[in-house]
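Spelled out, the chains give:
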Amino acid sequence: GAVDVLGEVERRRVVVEWNATAVGVEGSTLSGLFEAQVVRSPGAVAVVFGGVEVSYAELDVRANRLARLLVGCGVGPESVVGVVLERGVDLVVALLAVVKAGGAYLPVDPGYPVERVGFVLGDAGVECVVTVGELAGLVPAGVGRVVLDDVSVVGELAGLSGGGLGVGVLSAHPAYVVYTSGSTGRPKGVVVSHGALVNHLFGVGERVGLGVGDRLVAVTTVSFDIAALELFLPLVSGASVVVASGEVVRDPVALRGLVVSSGGTVVQAVPSLWRALLDVGGWPVGVRALVGGEALPRELAERFVDLGIGAVNLYGPTEVTVWATSGEVCGGGVSVGRPFANVRVFVLDAWLRPVPVGVVGELYLAGAQLARGYVGRPGLSGERFVASPFGFGERLYRTGDVARWEEGGTLECLGRVDDQVKVRGFRIELGEVEAALESHGGVVRAAVSVCRDSVGDAVLAAYVVAGADGVDVSVLRAFVAGILPAYMVPSAFVVLDELPLTVNGKVDRRALPAPDVRPGG
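In every chain, residue numbers begin from 1 and rise along the written sequence. The model is predicted, so local features are restricted to residues of pLDDT at least 70 and side-chain atom pairs to those at 80 or more, both for listing and for counting; the totals for chains, interfaces and linings are taken over all residues. Side-chain measures here rest on the full set of heavy atoms in the structure, leaving out hydrogens and waters.

**Remarks on the overall build of the protein chain**
Filter applied, for reference: Each helix corresponds to a stretch of at least 4 residues labelled H or I by DSSP, and each strand to a stretch of at least 2 residues labelled E; elements are numbered beginning at the N terminus. The globule rule is 2.2 Å times the number of residues to the power 0.38, and the radius of gyration it is compared with is taken over C-alpha atoms. Burial classes follow relative accessibility: with a 1.4 Å probe on protein chains only, a residue under 20% of its type's maximum area counts as buried, one over 50% as exposed, and anything between as partly exposed. Note on contacts: a residue pair is in contact if any heavy atoms of the two residues lie within 4.5 Å. All accessible-area figures derive from a Shrake-Rupley calculation using a 1.4 Å probe, and residue coverage is judged against the displayed protein chains alone. In summary, the charge assignment counts Lys and Arg as positive and Asp and Glu as negative, without counting His or the chain termini. Charged side chains are reduced to one point each, which is NZ for Lys, CZ for Arg, CG for Asp and CD for Glu.
The number of helices and strands found in the protein chain is 15 helices and 26 strands. Here the C-alpha atoms of the protein chain give a radius of gyration of 23 Å, agreeing with the 24 Å that 2.2 N^0.38 yields for 521 residues. Projected onto the principal axes, the alpha-carbon positions of the protein chain cover approximately 70 × 65 × 50 Å. Out of the 521 residues belonging to the protein chain, those deemed buried represent 57%. A sequence separation of at least 24 residues applies to 65% of the contacts in the protein chain between residues at least 6 apart. Put simply, the protein chain shows about 20500 Å² of open surface, and 54% of that area lies on carbon and sulfur atoms. Charged side chains in the protein chain number 41 positive and 55 negative. The centres of these two groups are separated by 3 Å.

This is the structure we're talking about:
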């Protein structure tokens, strides 16, 4: 492996020329960008939810009041604040309030099992959670809580100033912590700085171009990092964010109706949701599509083109702040395009050397959007964020994605080097699901794989070897649903006498029998 197959000219092309992304981005914070937009357009509509419109000025005052209350609870730079709220205006207020107070928000989907909510809040060292009375039971005992609909909190907020706070937040301070699936059976928290988020909003803003008059319809659960684009890109661009409720998001007909009735101009969604939306028919003319979170199937790309829908295909891991590259969806092959401003992309071999154009390697990312690392996991951070051979004390994030450069300097993604999969855009480590299954007393061994349902969407299938007393599949499903979020619960369960193994004793996933899975399972 010591021979470098790249000539100097081609090496320069893939390392330097196709990564010539450097551009000056204002050294700011999320709160700083939002507050500057409030000054520019105080009366413009910032957030729409359930027929209620909230102006930039009103949103700012509400967030400032809650931020003051949080500062009074001891929140400041480097502190992490849990946010456990349903989708709505209060959710946007709470996220802004946390960053205005100097803290980092940790968004928790209220639909998650109590055990998982407790784990992520404890793992991140959360001392305070913003929630409402109905959801406060999810918050573990001993963790402080600000219950927004509590009479005393409502009264206290009303008495606080709605003016700016002037908390000294630096671009290096964390803006949010988001948890993703962990291969060892426990989720891991990714810490993203203000500087990384500001760079992302600038970079994606260059590719998507939101402005005054635009309305982005936000559909993604807040615990998934791509929600940060949906909620904040409009609010730093003078546009409006239309928050879709959970019920509407689950009903493609209702969601299409909301896009039309709210005057939506942009929607971001994963491919499986886009397929469902386009199946409804009558997609409104001129509404742009952002698509990402999992590989864009060629047939779906062709539907966008055939229907005349302007679509952007986005790629990026949570560890590099939402999205890192994008490409316009057009006829021909599906590409994830080129890196954003101040992001660099390398396709490398096992010795961290660039491979020639057209040759498959592992994708590594560098630049301004890299996360700080994983909460409390220095060993794992060191494994995934490695020293770069290309520049001055820089880090590379090892994505685990297999990719190759195309002739014009665009990227094609081709799968994974490990057992991480994507289902409805959510990152899932198969090992975490297998660990949950094997923690049930009736299961001796478990394997999980991804298969396709009859409409082509990815779903999880669980294969279990039961102990002497057997195992009831419905009981096992309920058991796993009490540990894992709904998107990680397998759609099909198959009980086997033994798992097929490869010659070296690993589970042979390709030899597992096909399960019976119906759409939406």
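**Quick look at helix H5 (residues 114-123)**
To be explicit about the condition: The arc in question is formed by the directions pointing from the helix axis toward the C-beta atoms.
Buried residues of H5: Arg-116, Val-117, Val-120 and Leu-121, and no others. Down the axis of H5, the buried set is contained in an arc of 130°. They therefore lie on one face. Exposed and facing more than 90 degrees away from the buried side of H5 are Val-114, Glu-115 and Gly-122. Buried residues along H5 sit against strand E3 (80-83), strand E4 (104-107), strand E5 (128-131), strand E7 (174-180) and helix H14 (430-438). Looking one or two residues past H5, Gly-125 carries a phi angle of roughly 70°, positive in sign.

**A look at the packing of helix H3 (residues 56-72) against helix H4 (residues 89-100)**
A pair of packed helices is characterised by two quantities: the angle between their axes and the separation of those axes. The criterion, for reference: Interaxial angle, 0 to 180 degrees, is taken between N-to-C directions of lines fitted to C-alpha atoms, where a helix line uses only the stretch in contact. By definition in this entry, angles of less than 35 degrees are roughly parallel, angles greater than 145 are roughly antiparallel, angles of 65 to 115 are roughly perpendicular, and the rest are oblique. Handedness of a crossing follows from how the near helix is turned relative to the far one, being left-handed for an anticlockwise turn of less than a right angle and right-handed for a clockwise one. Put simply, Ala, Val, Leu, Ile, Met, Phe, Trp, Tyr, Cys and Pro go in the nonpolar bin, Asp, Glu, Lys and Arg in the charged bin, and everything else, Gly too, in the polar bin.
Where H3 contacts H4, the two axes come as close as 8 Å, and the packing angle between them is 55°. When the interaxial angle is binned, H3 and H4 end up oblique. Crossing hand, H3 versus H4: right-handed. Each of Leu-59, Asp-60, Arg-62, Ala-63, Asn-64, Leu-66, Ala-67 and Leu-70 in H3 lies in contact with H4, whose residues at this interface are Val-89, Asp-90, Val-92, Val-93, Ala-94, Leu-96, Ala-97, Val-98 and Lys-100. Per-class residue counts for the contact of H3 with H4 are 12 nonpolar, one polar and four charged.

**Topic: the pattern of salt bridges**
The condition that has to hold: The salt bridge criterion pairs a side-chain nitrogen of Lys or Arg with a carboxyl oxygen of Asp or Glu, the two atoms within 4 Å.
Tallied over the entire structure, the rule returns 25 salt bridges. With a shortest N-O distance of 3.9 Å, Glu-10 and Arg-13 are connected by a salt bridge. Taken together, the residues Glu-10 and Arg-13, both in helix H1 (residues 8-15) and three residues apart, mark about one turn of the helix. One salt bridge in this structure joins Arg-398 and Glu-362, with 2.9 Å as the shortest N-O distance. Of this pair, Arg-398 sits in strand E20 (residues 395-405) while Glu-362 sits in strand E17 (residues 361-367), and the two are 36 residues apart along the sequence. According to the relative accessible area criterion, Arg-398 is partly exposed, its value standing at 28%. For Glu-362, a relative accessible area of 11% gives the class buried.

**Regarding the domain arrangement of the protein chain**
In plain terms, the rule: How far each domain reaches was decided by an automatic or database domain assignment. Joining two parts hides part of their accessible area as seen by a 1.4 Å probe, and the buried area is that hidden amount summed over both. Any pair of N or O atoms that falls within 3.5 Å is considered a polar contact. Within protein, one atom must be able to donate a hydrogen and the other to accept it, and sequence-neighbouring residues count only if both atoms are side-chain atoms.
With domains assigned, the protein chain is organised as domain 1 (31-169) and domain 2 (420-496). The C-alpha-based centres of domain 1 and domain 2 are spaced at 35 Å. The interface of domain 1 with domain 2 comprises four residues on the first partner and eight residues on the second. Taking both partners together, domain 1 and domain 2 bury about 480 Å²; carbon and sulfur atoms supply 49% of that area. Counting the surface domain 1 buries against domain 2, the share from its top three residues, Tyr-112, Pro-113 and Arg-116, is 82%. For the pair domain 1 and domain 2, the number of links is one salt bridge. The partner of Arg-116 in a salt bridge is Glu-432, and the shortest N-O contact between them spans 2.9 Å. On the surface where domain 1 and domain 2 come into contact, there are one residue pair in polar contact (both at pLDDT 80 or more).

**Re the sheet that holds strand E2 (residues 52-55)**
Which entries qualify depends on this criterion: At least two DSSP bridges between two strands are required for those strands to pair.
The strand order across the open sheet formed by nine strands is E2-E1-E10-E9-E11-E12-E13-E14-E15, and the pairing between neighbours is mixed. Each edge of the open sheet carries a strand with a single partner, namely E2 and strand E15 (338-339). Direction of pairing for strand E11 (residues 266-269) relative to strand E12 (residues 288-291): parallel, over a ladder of four bridges. Bridging from a neighbouring strand, Val-266 pairs with Arg-288 of E12. Sitting on the sheet, H3 is in contact with strand E1 (45-49) and E2, with an inclination near 80° to E2. Its contacts with the sheet put helix H8 (residues 227-235) on E1, strand E9 (215-218), strand E10 (240-243), E11 and E12, and the angle it makes with E10 is roughly 145°.

**What about the packing of aromatic side chains?**
Under the convention used in this document: Planes of paired rings set the category: under 30 degrees apart is stacked, over 60 is edge-to-face and the rest tilted, where pairs are Phe, Tyr or Trp rings (Trp by its six-membered ring) whose centres lie within 6.5 Å.
Going through the model one piece at a time under the given rule, you end up with 12 aromatic pairs. Where Tyr-112 meets Tyr-487, the ring centres are 6.4 Å apart and the plane angle is 55°; that geometry is what we call tilted. On the criterion of sequence distance, the pair formed by Tyr-112 in the loop between E4 and H5 and Tyr-487 in the loop between helix H15 (473-481) and strand E26 (492-496) is long-range, its members being 375 residues apart. Accessibility classification places Tyr-112 together with Tyr-487 in one group, the buried group. Measuring from centroid to centroid gives 4.3 Å for Phe-346 and Phe-390, while their planes differ by 10°, and the two rings are stacked. Of this pair, Phe-346 sits in strand E16 (residues 343-348) while Phe-390 sits in the loop between strand E19 (385-387) and E20, and the two are 44 residues apart along the sequence. Looking at Phe-390, the relative accessible area reads 19%, which means it is buried. Ring pairs connect the aromatic residues Tyr-112, Phe-224, Phe-426 and Tyr-487, which therefore count as one cluster.

**Topic: unusual backbone geometry**
Leaving glycine aside, a negative phi is the common case for residues, and trans is the common case for peptide bonds. Not every positive phi belongs to a glycine, and Val-322 is a case in point at roughly 65°. Looking at the secondary structure, you find Val-322 in the loop between strand E13 (311-315) and strand E14 (325-328). According to the relative accessible area criterion, Val-322 is buried, its value standing at 1%. Of note in this structure, Arg-424 is not a glycine but carries a positive phi near 50°. When you line up the elements, Arg-424 lands in the loop between strand E22 (420-423) and strand E23 (426-429).

**With respect to the state of the cysteines**
So the rule is basically this: Throughout, disulfides are identified as pairs of cysteine sulfur atoms within 2.5 Å of each other.
Applying the stated rule across the entire model yields zero disulfides. Left unpaired, Cys-73 is separated from the closest cysteine sulfur, that of Cys-128, by 5.0 Å. In this structure Cys-73 comes out as partly exposed when scored by relative accessible area, which is 46%.

**What about the sheet that holds strand E24 (residues 443-452)?**
Taken in spatial order, the three strands line up as E24-E25-E26 in an open sheet, and their pairing is mixed. Every other strand in the sheet has two partners, leaving E24 and E26 as the edge strands with one partner each. Across the sheet, the mean angle from the axis of one strand to that of its neighbour is 25°, orientation sign disregarded. Across the sheet, H15 touches E24, strand E25 (458-466) and E26, and the angle it forms with E26 is around 125°.

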